[in-house]
Amino acid sequence: MKFYLRRIAFYVITVWAAVSLNFLLPRMMPGDPAAIMIGKLRRASGGRELSPQVIEDIYALLGADKNTSPWDQYLAYWGRLLHGDLGLSSTRYPYPVVELIGNALPWTLFMVGTATVISFILGIVGGAWVGWRRGTWLDHLVPATALLQSIPYFWLALVLVAVFSVQLGWLPIVGAYDPFEFPSGPEWSWDFFVSALQHAFLPALTIVISSIGGWLLGMRNMMVSTMSEDFVVTAEAKGLRPSRIRDRYAARNAAIPSLAGFSIALAFVVAGSIVTEQVFSYPGIGKLMIQSVQGLDYTLMQGVFLVITLTVLAANFLMDLLYGVIDPRVRSHG
Amino acid sequence: MADRFAGIRYLMPRWSAKLGAGLVIVGLITLFGIVAPFFTADPRDSSNKGLLPPSPEHLLGTTKLGYDVLAQLATGTRGSLYVGLLGGLSAMLLAIVFGILAGYFGGWLDEVLMLATNIMLVIPGLPLVMVIAAYVQNTEGLGDFARSSTLVALILGVTGWAGSAVVLRAQARSLRTREYVAAARVAGERGLRIIFVEIIPNLVPLIAAQLIFGVMAAVLGEAGLSYLGLGPTNSITLGTMLNDAQTGQAVGSHAWWWFIPPGAMIALLGTGLALVNFAIDEIVNPKLRLAPQAARQQRRATKAGKGVAGGGAYA
Amino acid sequence: MKKISLALAATAVALSLTLAACTSPAPAPSGSAASSAPAMAATLRVWAGSTTPITVDFNPFHVDTALYGTYGPIYEPLFFFNQLSSDAPVPMIGQSYNYSADGKTITITIKPGLKWSDGQALTADDVAFTMGYGPNKTDKMISATATDDTTIVLKYSSPQFTAASQLLGSTMIVPRHVWSKIDNYMKETNDNPVGSGAYVVKTTSDASYTFTANPNYRDPVPITNVQFLGIDSNQSGQDLLSTGQIDWTGMFIANPDSVTGTGAIGTMNQQQDPTVMVTCADASKGCKGDQTDVAVRQALNVAIDRSQLAEKAWVNLVGKANPAFVLLPRDQKWLTDSSLAESPQTANAAQAGQILEAAGYTKDDKGFYAKNGKEISLDLFSPDGWTDYNDAAKLIAEQAGKAGIKITARTVSEAEYWTPVTDGDFQLAMYGLTQSVVADPFSNYDQYFFGKSTAKVGDAPVRGQNYSRYSNAVVNAAVEAAAATDDEATKKAEYAKIQAQIAIDLPYIPVVLNASQAFFNTKNFTGWPTDANLYADPLPYLSVAPAIVLLNLKPVQ
């Protein structure tokens, strides 16, 4: 029980830290969103004088609460967060940030989530196999993983698009589904699902190619180490079938650290998927993040950052729980 | 006397094909980055025609503005190595501070430092870097520093140390219980002195591995930031080259000579560094080297008919 | 373990599905869709520059965030002012208008029997309501009255001769019965717009939105459906265009031949908007730096190699700028001195040196000009990712260096660009002026050179975009005099004064006339504007003009 309490306390503190960081950053910035918005409007209307009412309206909607103390602002910020209010986007004015994120998140979970699971499984299974067949030609595959890990995500993605989508025309170029066939957006149909899969294929492939090396290498190394542990040697001495030794004894124990390293790998995947989504115009959370950074839409930037952080924390928390179940030792040692 | 070197030799990586290949790759690229800029043309000389394909005058062609790609590649490699080293070193220093102090002293210091480390570890890196870069780079009063490669490297370092700290902490914790450390403590040595004299020298391979990881991460991180338009703007790196190629529609113009070399250079550098890391891994964890060797010997022996585990041939 | 095997199975299914989908009938883009489904042939696909996710907003008062197509296809102004020609404005809702002799009263007649897309009648009452609504109401307006069903009288406190294109050509008429009920027009996203244009909104999603013909429109609508897509990069846009998946777009493509080579895609490149180096010119307004010395600006003007800039930064797709800021040949009659028809196209370092030496500068041992021991040192910036500006700035710095003028080129984020430019906290910046939309350069002079609407450094200009802080008594008087007259000869005399002054003072150093490339599918649709028949600018991101183009197109059967 102590293990879980400690972990929960840790996550609570981490959430607090992330939210506070999010609160602090924009307040260290010069200028305020309302002024940026007014400047934009003025330019967009070709230098036409803005009526005082327009300016007043914008300050009412976006203006910083300059008369309250930072502490009150901080409390108010928490209050708004707990009500699910992340403010209004300035690049997508007057859309609420929550709505933008709500539309983008499912796509990221679908594409990045699937890619991560595929990459994880292929990496673990492949790593176990390469580790099991240690000392054979398969060892030469190991350095190849180094190459996979070193290719910049976006560069790989651009090359894949240029070859498979533009030159060969096999796969779609942009988006999450075919907007020509489905002009009114997502629908629950088989055709739509196929279209979504087609569109997710290349971005997911990019993520799998770039991230599989890490899983494979980690698993292979653990497998090699585990194979020389006493309990495996004992199992061999007992004359157990090799496949049983491989699957039940070695691989199972070797996979545990891979699960523990999930958080680090997940961060890698999140980073890569942001860039990948940009190349493929994939309407997920990563692209939203990039747009907010490029448009200096601080409310959107904060909101997306918070959601990414919370999602990663949730994934880690689930992994922690799972880890505690698989490996009872951590529950007692912490 | 010989004994003194035995320890060092133990810490040196065993020679292997992987290590050799890695060192050669990294060495050649470093040499290219250091020496080549002196021999190539001015990377910002626009007097050539734009988008020339490779030719004897321009071995890797020219960019849209007429810059020589080879010259850009040489200067860009130098720039990326600088970002990589600075980013990697700052990450390593932070990892040593957080990881080793936490691991050695334990107790509440460990709790606090590890909490900070774990927070850094789970808060996703690139979004954090993007947010920080967007804020920092728009802060007034930084002048040229705001978009310099030094600042980008520091941001990458400050956000990229947590993984290494966890690894170092675990190792420092186990070293702490070794007899010679206990002896030093009993002899009244101060904590920091023990760390510097007893602990850190024993962690050199591990620290080196983490440094190499850090360098790789910083080079790749810089490329990613540049692609997103948050990279350094006033110096040439491989990332800014890729960004120029991307915004200059190199792919659409089929100017592969502009687009492929910087990406390939990053991939190659990363591969070289990773190969060196494999060799270091094999020192840190000798099983990685010995087990495949043993398996290989065993198999060879089996083939030669002297197998011991040949499915009960002797039974 | 069970979980993992399940996931594996799911993955395998997903993979095989994807592969099957890829290999069997190749995903049919472009032409095949059009030929196999004739009903779909009338859908024209446009990328006007929207990025995903599309956020629905058809509020014509959201000048910054309203979706493309809001201006023209959905909402219409009274008249269409074709910026490519000097012809009279084309009637849309309006039929005719005339100014009173003093220019303070405008009487407008609209077409009879018009309907809104919801079937209600569109009358003069709606027009009068619009003119007095929200941001349209300025402090110069006295009244907007409908005198009968088709007549509106607008009264102002000052002459409005020069405001015609804005009042009549870019004020979108909205229905009173809808907008009088909206309490805050800034918050409204107007998802189901009721307009008078040829189109109504059919569907919207996060990736695209589709318009369909407005059944209540006064004329036949030849293209039934128009789909606007969200695409996030020029590269993707180019890919979709060259694979035939979009029919119409306006964007910069460095090598247009790669797209038009197949013969299905036509292109048109209009050069209109001057790209300049804006200088913070007036020290008395608080500008700092060497560029406040007119000799430095004049030297820079001859030191830069515009032909090299055009070749390298714009792949020779741009036009030649002129220091009189008239658009040639459209505004030919307003050019008062033929020597101002073109800025120097090649660098003349010797002449730059003479100008500086005459002003008391001498070359120091590093080869840079200096005065009183202080080198000229200028800072030139442009926004990140505006590749043409970034490239031009790099080249200008290099060229100026050859003439002994030290310039440091740097790029900044967009926010860091606009704030200093607006507030005057800069030395040199790459900048794009918006060309006057009518065949009269007045708005160029009024927007960018009129000293009375600019402000001290630290404040934004009250009106217009005179970011250079330029203020010249002769120019100011001439702009005011030109605004108050409708007489061509008088106007021309005033423009002569303005052109002579600004060509010497050079608060904006002209660089090129920026390219604006349009690409359109001529295989599936005919009737696009041609060089011989420039009835509208074929750029889908403009306001109003796309509506005119759409009404002139015909699907190929």
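Residues numbered from 1 in each chain as written. Chains lettered and ligands numbered in written order. Predicted model: local features only at pLDDT ≥ 70, side-chain atom pairs only at ≥ 80, totals over all residues.

1. A few points about the overall build of chain C
Using the following cut-off: Each helix is a run of DSSP H or I of at least 4 residues and each strand a run of E of at least 2, with the numbering of both proceeding from the N terminus. A radius of gyration in this sense is built from C-alpha atoms; the matching globule rule multiplies 2.2 Å by the number of residues raised to 0.38. This entry defines residue contacts through backbone-placed C-beta atoms, with two residues in contact when those atoms are within 7 Å.
Per the secondary structure count, chain C includes 16 helices and 24 strands. Over its C-alpha trace chain C gives a radius of gyration of 26 Å, about what one expects of a compact globule, namely 24 Å for 557 residues. Dimensions of chain C along its principal axes, counting C-alpha atoms only, are 75 × 75 × 50 Å. Long-range contacts, defined here as pairs at least 24 residues apart, represent 68% of the contacts in chain C between residues at least 6 apart.

2. Details of the overall build of chain B
Put simply, the test is: Each residue is classed by its C-beta neighbour count within 10 Å, where at least 20 other C-beta atoms makes it buried, 12 or fewer makes it exposed, and intermediate counts make it partly exposed; the C-beta atoms are placed from backbone geometry.
Summing up its helical and strand segments, chain B has 13 helices and zero strands in all. Traced from its N-terminal end to its C-terminal end, chain B shows the element sequence α-α-α-α-α-α-α-α-α-α-α-α-α. Burial analysis of chain B (315 residues in total) assigns 53% to the buried set. Contacts in chain B between residues at least 24 apart in sequence constitute 72% of all its contacts with a sequence separation of at least 6.

3. A look at the interface of chain A and chain B
Formally: Note that Gly is not counted as nonpolar here; it falls among the polar residues with everything else outside the nonpolar set of Ala, Val, Leu, Ile, Met, Phe, Trp, Tyr, Cys and Pro and the charged set of Asp, Glu, Lys and Arg.
Taken residue by residue, the interface counts 49 residues in chain A and 46 residues in chain B. Contributions of two or more residues to the side of chain A that touches chain B are made by helix 1 (2-27), helix 6 (141-150), helix 7 (153-167), helix 8 (190-227), helix 11 (262-279), helix 12 (285-294) and helix 13 (298-326) of chain A. Of the residues assigned to the side of chain A that touches chain B, the class counts are 36 nonpolar, 11 polar and two charged.

4. Focus: the nonpolar core
Formally: In this usage, the nonpolar core is the set of buried Ala, Val, Leu, Ile, Met, Phe, Trp, Tyr and Cys residues whose C-beta atoms join them within 7 Å.
Ranked by internal contacts, the top residues of the largest apolar core, which has 341 residues, are A:Met223, A:Val304, B:Met130, C:Ala299, C:Ala303, C:Leu380 and C:Ile396. In terms of residue count, helix 3 (residues 69-105) of chain B provides more of this core than any other element does, 17 residues in total. The contact partners of A:Val304, leaving out residues within four places of it in the chain, are A:Ile101, A:Ile285, A:Leu288, A:Met289 and A:Ser292.

5. Structural notes on the environment of C:Ile265
Residues and elements named next belong to chain C. Checked against the element boundaries, Ile 265 lands in strand 14 (residues 265-279). Each C-alpha atom of the pair Ile 265 and Val 294 lies 47 Å from the other, and the pair is 29 residues apart in sequence. Once residues lying within four places of it in the same chain are set aside, the contact partners of Ile 265 are Leu 241, Val 259, Thr 260, Phe 519, Phe 520, Asn 521 and Thr 522.

6. Considerations on helix 6 (residues 234-242) of chain C
When you tally the buried positions in helix 6 of chain C, you get nine out of nine residues, the bulk of the element. If you check which residues of helix 6 of chain C are buried, you get C:Asn234, C:Gln235, C:Ser236, C:Gly237, C:Gln238, C:Asp239, C:Leu240, C:Leu241 and C:Ser242. In this fold, the buried residues of helix 6 of chain C make contact with helix 7 of chain A together with strand 1 (43-47), strand 13 (248-250), helix 7 (257-260), strand 14 and strand 22 (508-521) of chain C. Downstream of helix 6 of chain C by one or two residues, C:Gly244 has phi in the positive range, about 75°.

7. Quick word on the confidence of the model for chain C
Predicted coordinates in regions of low pLDDT should not be interpreted in detail. All names here are of chain C. Basically, it comes down to this: Confidence of the predictor at the level of single residues is captured by pLDDT, which takes values from 0 to 100.
When pLDDT is averaged along chain C, the result is 87, and 92% of the positions lie at 70 or above. Here residues 1-41 is a poorly scored stretch, pLDDT under 50, and it has 36 contacts once near neighbours within four places are set aside; other chains count. Here the prediction assigns the complex a pTM of 0.81, and the interface score ipTM is 0.79.

8. Comments concerning the confidence of the model for chain B
All names here are of chain B. Residues at a pLDDT of 70 or more form 89% of chain B, whose mean pLDDT is 82. For chain B, helix 1 (residues 2-11) is the element with the lowest average pLDDT, namely 53, and helix 3 is the one with the highest, namely 93. Confidence over residues 307-315 falls short of pLDDT 50; this stretch has five contacts with residues more than four positions distant or in other chains.

9. Describing the pairing of strand 10 (residues 199-204) of chain C
Residues and elements named next belong to chain C. Definition in use: By this definition, two strands are paired if DSSP reports at least two bridges between them.
Two strands pair when backbone bridges link them, and strand 10 and strand 11 (residues 208-213) are joined in this way by five bridges, in the antiparallel orientation. Residue Tyr 199 lies in a different strand from strand 11, and its bridge partner there is Ala 213. In textbook terms, the turn of a hairpin is the stretch between consecutive antiparallel strands, and for strand 10 and strand 11 this stretch comprises three residues.

10. Re the pairing of strand 1 of chain C
Residues and elements named next belong to chain C. Along strand 1, five of the five residues are buried, which leaves the element largely enclosed by surrounding structure. Burial along strand 1 is two-sided: Thr 43, Arg 45 and Trp 47 and Leu 44 and Val 46, pointing in opposite directions, are all buried. In this structure, strand 1 lies alongside strand 12 (residues 225-229), joined through four bridges in parallel fashion. Bridging from a neighbouring strand, Arg 45 pairs with Gln 227 of strand 12. Judged from the two bridges that link them, strand 1 and strand 13 form a sheet pairing that is parallel. Directly across from Trp 47, in strand 13, lies its bridge partner Thr 249.

11. Here we look at the sheet that holds strand 4 (residues 94-99) of chain C
All names here are of chain C. Inclusion rule: In this analysis, axes come from line fits to C-alpha atoms, helices being fitted only over the stretch in contact, and the angle between any two N-to-C directions falls in the range 0 to 180 degrees.
Spatially, four strands are ordered 4-5-9-8 in an open sheet, and the strand pairing comes out antiparallel. Both outer strands of the open sheet, strand 4 and strand 8 (141-148), are each paired with one neighbouring strand and no more. Taken over all neighbouring pairs, the strand axes of this sheet differ in orientation by 15° on average, direction set aside. Pairing of strand 5 (residues 105-110) with strand 9 (residues 151-156) involves five bridges; the strand directions are antiparallel. Bridging across to strand 9, Ile 108 finds its partner in Ile 152. Each of strand 5, strand 8 and strand 9 touches helix 3 (residues 124-131); the most contacted strand, strand 8, lies at about 175° to it.

12. Details of unusual backbone geometry
Residue and element names in this part refer to chain C. The amide bond that connects Thr 52 to the next residue, Pro 53, takes the cis arrangement and shows omega of -10°. Tracing the sequence through the fold places Pro 53 in the loop between strand 1 and strand 2 (79-80). The amide bond that connects Leu 328 to the next residue, Pro 329, takes the cis arrangement and shows omega of 5°. Here Pro 329 shows up in the loop between strand 15 (319-320) and helix 10 (349-358). The phi angle at Val 315 is positive, at roughly 45°, despite the residue not being glycine. Of note, Val 315 is situated in the loop between helix 9 (306-312) and strand 15. Positioned with a positive phi, Asn 316 is a non-glycine residue whose angle comes to about 60°. If you trace the backbone, Asn 316 turns up in the loop between helix 9 and strand 15. Since 10 C-beta atoms lie within 10 Å of it, Asn 316 is described here as exposed.

13. So, the sheet that holds strand 18 (residues 374-375) of chain C
Reading across from one edge, 16-17-18 (chain C) is the order of the three strands in this open sheet, with antiparallel pairing throughout. Only two strands of the sheet have a single partner each, and these edge strands are strand 16 (362-363) and strand 18 of chain C.

14. Quick notes on the packing of helix 11 (residues 238-247) of chain B against helix 12 (residues 256-284) of chain B
Residue and element names in this part refer to chain B. Note the threshold: Relative orientations are named as follows: roughly parallel for angles under 35 degrees, roughly antiparallel for angles over 145 degrees, roughly perpendicular for angles from 65 to 115 degrees, and oblique for any other angle. Should the near helix be turned anticlockwise from the far one by less than a right angle, the crossing is termed left-handed; should it be turned clockwise, right-handed.
Packing of helix 11 against helix 12 brings their axes to within 9 Å, and their N-to-C directions diverge by 150°. Comparing their axes, helix 12 and helix 11 come out roughly antiparallel. In the crossing of helix 11 with helix 12, the sense of the turn from one axis to the other is left-handed. Across the interface between the two elements, Leu 238, Met 241, Leu 242 and Ala 245 of helix 11 pack against Trp 258, Phe 259, Pro 262, Gly 263, Met 265 and Ile 266 of helix 12. Class assignment of the residues belonging to the contact of helix 11 with helix 12 gives a composition of nine nonpolar, one polar and no charged.

15. With respect to helix 6 of chain A
Along helix 6 of chain A, the residues classified as buried are A:Val142, A:Thr145, A:Ala146, A:Leu148, A:Gln149 and A:Ser150. Summarising the contacts, the buried residues of helix 6 of chain A are in contact with helix 5 (97-132) and helix 8 of chain A together with helix 10 (204-227) and helix 12 of chain B.

16. Brief notes about the environment of B:Thr40
All names here are of chain B. Following the sequence through the fold, Thr 40 ends up in the loop between helix 2 (17-39) and helix 3. Overall, the presence of 19 C-beta atoms within 10 Å leaves Thr 40 in the partly exposed class. Measuring from C-alpha to C-alpha, the distance between Thr 40 and Val 69 comes to 9.8 Å, with 29 residues separating the pair along the chain.

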